[in-house]
Amino acid sequence: GFIHQIIQDAMVVHVSFAPSPEDIFPAILPMIGTLGSFSRPSAGIDEPLDCYLHGYVSSRIMNLTRKAIAGGQKGLPVCIAASKVDGLVLAMTPNAHSYNYRSAVLFGFADLVTEVNEKLFAMELITNKVVPGRWENTRVPPNAAEMSSTEILRVTIESGSGKVRDGPPADDKCDLNDEGVLDSVWTGLVPLTEHLGVPVPSAYNRVKEVPGHITDYTKGFNEKEEAYAKKQEIIVTGTNVKYGEV
C-alpha cells in the first residue's frame, strides 16, 4: 500500500522505456500518472491496481506501445518512478548528508485503452489527480476531437519497490565523540514541503468566486504537507520543539 501511496502523492511520475534496439540510451518522460482499477472501481490503495497514463495519440510512447502489441507482446515494458523529498539532512561530514524522502518504482507492461468507458474512467482519474473533483466541474465529457487526439495507457504492474528515509542525521561515532566538531558544526533537518499558493484566475475567467473543490483541496493539501513536516521534526528531535528560524 505504501508504494501505491507514494505514486499517488507524486504530482509527476517519470516513465522510462526502450525506444528501440538501435538506441543507446533509454527514453524517459515526465507524465501525470494515477492508479485505479476499471474492473474494480472501489479497490483501495492497498489492493492490486493499474497505473493510467495519458498522452498525445501520435507520441513515441504510444506508437511503441502499438508496435509491441502488434508484435504479440504483453505490452510495452515500462518503468514508472516517483519521489518526494521531505527534508534536507545535514550532518557533521559531507559523506553523511542526505535527504529524507519517499520513493517508489513500478515495473509493468503498457497497453492501449481502447474501450470508451474505460478511457473516460481513466481520463476522470487523471483529471482528478490534478485537483480532486475537477472532472465534474469542467466541460465534460470530452468532445470527439479530444477523445481521438488523446491516448490512454493502462500499465499492468508486474512488480514494484519502495524506499523511505525519515530519520535524523547518522554521523559516525568518532565524530559524535569529537567535542571540537560537535561545537562547530550545526546538524539537523531542514523540513521541505510542497505548497499550493492562492489560486490566480485566468484572463478570460468569468467565475467570481474560486470554487470550493479548489479551495478545499488547496487547504487540505497544505495542511497535509505541514503535518508531515511536523512529523519529521518530532522524529528527529524526539520533541515538538521547532528548529531555529533562518
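Scoring rules and cut-offs
- Residues numbered from 1 in each chain as written.
- Predicted model: local features only at pLDDT ≥ 70, side-chain atom pairs only at ≥ 80, totals over all residues.
- Heavy atoms only, no water.
- Helix = DSSP H or I, 4+ residues; strand = E, 2+ residues; numbered from the N terminus.
- Buried < 20%, exposed > 50% of the residue type's maximum accessible area, 1.4 Å probe, protein only.
- Lys, Arg positive; Asp, Glu negative; His and termini not counted.
- Salt bridge = Lys/Arg side-chain N within 4 Å of Asp/Glu carboxyl O.
- Polar contact = N/O pair within 3.5 Å; in protein donor to acceptor, adjacent residues only side chain to side chain.
- Contact = heavy atoms within 4.5 Å.
- Core = buried A, V, L, I, M, F, W, Y, C linked by side-chain atoms within 4.5 Å.
- 1 Å grid on protein atoms, 1.4 Å probe; cavity = no way out; pocket = protein on both sides within 12 Å on 5 of 7 lines; lining within 4 Å.
- Points joined across faces, edges and corners; volume = space filled by probe spheres on them.
- Nonpolar A, V, L, I, M, F, W, Y, C, P; charged D, E, K, R; others polar.
- pLDDT = per-residue confidence, 0-100.
- Pairing = 2+ DSSP bridges.
- Expected span 1.5 Å × (residues − 1).

What follows is about the side chain of Asp171. Of note, Asp171 is situated in the loop between β7 (150–165) and α5 (173–176). An unpaired buried charge is present at Asp171: no salt bridge exists, and Arg165, the closest side chain of opposite charge, is 8.7 Å distant. Among the polar contacts listed, one links the side chain of Asp171 to the backbone nitrogen of Met92, at a separation of 3.0 Å. Look past the residues within four positions of Asp171 in its chain and what remains in contact with it is Ala91, Met92, Thr93, Ala96, Leu176 and Thr187.

Okay, the pattern of salt bridges next. Think of it this way: side chains of opposite charge can pair up when their charged atoms draw near. Considering all chains together, one arrives at 12 salt bridges under this definition. One salt bridge in this structure joins Glu151 and Arg66, with 2.7 Å as the shortest N-O distance. Residue Glu151 is found in strand β7, and its partner Arg66 is found in helix α2 (residues 60–70); the two are separated by 85 residues along the sequence. Arg154 is the salt-bridge partner of Glu118, the closest N and O atoms lying 2.8 Å from each other. Pair noted here: Glu118 is in helix α3 (residues 116–130) and Arg154 is in strand β7, with a separation of 36 residues, a long-range link.

The biggest cluster of nonpolar side chains holds 28 residues, and the ones touching the most others in it are Val15, Leu53, Ile61, Leu76, Val78 and Ile80. Put simply, the parts of the chain that give this core at least two residues each are α1 (2–9), β1 (13–17), β2 (27–31), β4 (50–56), α2, β5 (76–90), β6 (98–112) and β7. Setting aside its immediate chain neighbours within four residues, Leu53 contacts Val13, Val15, Met31, Ile32, Gly33, Ile80, Ile126, Glu151, Ile152, Leu153 and Val155. Membership of the second largest hydrophobic core comes to nine residues, among which are Phe121, Ile126, Trp135 and Ile152.

Evaluation of the coordinates by the stated rule reveals one cavity of 30 Å³ or more. Within this model, the largest cavity holds a volume of roughly 30 Å³. If you go around the largest cavity, the residues you meet are Asp86, Arg102, Leu192, Thr193, Glu225, Tyr228 and Ala229. A total of three residues in the lining of the largest cavity trace back to one element, the largest contributor, which is helix α7 (residues 212–237). Each residue belonging to the lining of the largest cavity can be placed in one class, and the counts come to three nonpolar, one polar and three charged.

Turning next to the confidence of the model for the chain. When the pLDDT values of the chain are averaged, the result is 94; 97% of them are 70 or greater. Within the model, the stretch residues 240–246 combines pLDDT values under 50 with 12 contacts to residues more than four positions away or in other chains.

Here we come to the pairing of β4. β4 sits mainly inside the fold: five of its seven residues count as buried. Here strand β3 (residues 33–36) pairs with β4 via four bridges, running antiparallel. Paired with Leu35 across the two strands is Cys51, which belongs to β4.

The subject of this paragraph is α7. The end-to-end C-alpha distance of α7, which contains 26 residues, comes to 37 Å, matching closely the 38 Å that a straight helix rising 1.5 Å per residue would cover. Taken together, the buried positions of α7 are His213, Ile214, Thr218, Phe221, Asn222, Glu225, Ala229, Gln232, Glu233 and Val236. Just downstream of α7, Gly238 is the residue with a positive phi angle, here 75°.

It is worth spelling out the environment of Val190 at this point. Locating Val190 in the fold gives a position in strand β8 (residues 188–191). Each C-alpha atom, one on Val190 and one on Leu90, is 7.8 Å from the other, the two residues being 100 residues apart in sequence. When near neighbours in sequence (up to four residues on either side) are disregarded, Val190 contacts Gly87, Leu88 and Leu90.

This next bit is on the environment of Lys129. Looking at the element boundaries, Lys129 is found in helix α3. You can call Lys129 buried: its relative accessible area is 15%. Along the primary structure Lys129 and Lys231 are separated by 102 residues, whereas in three dimensions their C-alpha atoms are 25 Å apart. Excluding its chain neighbours within four sequence positions, the residues that come into contact with Lys129 are Ile7, Gln8, Ala10, Ile32, Gly33 and Thr34.

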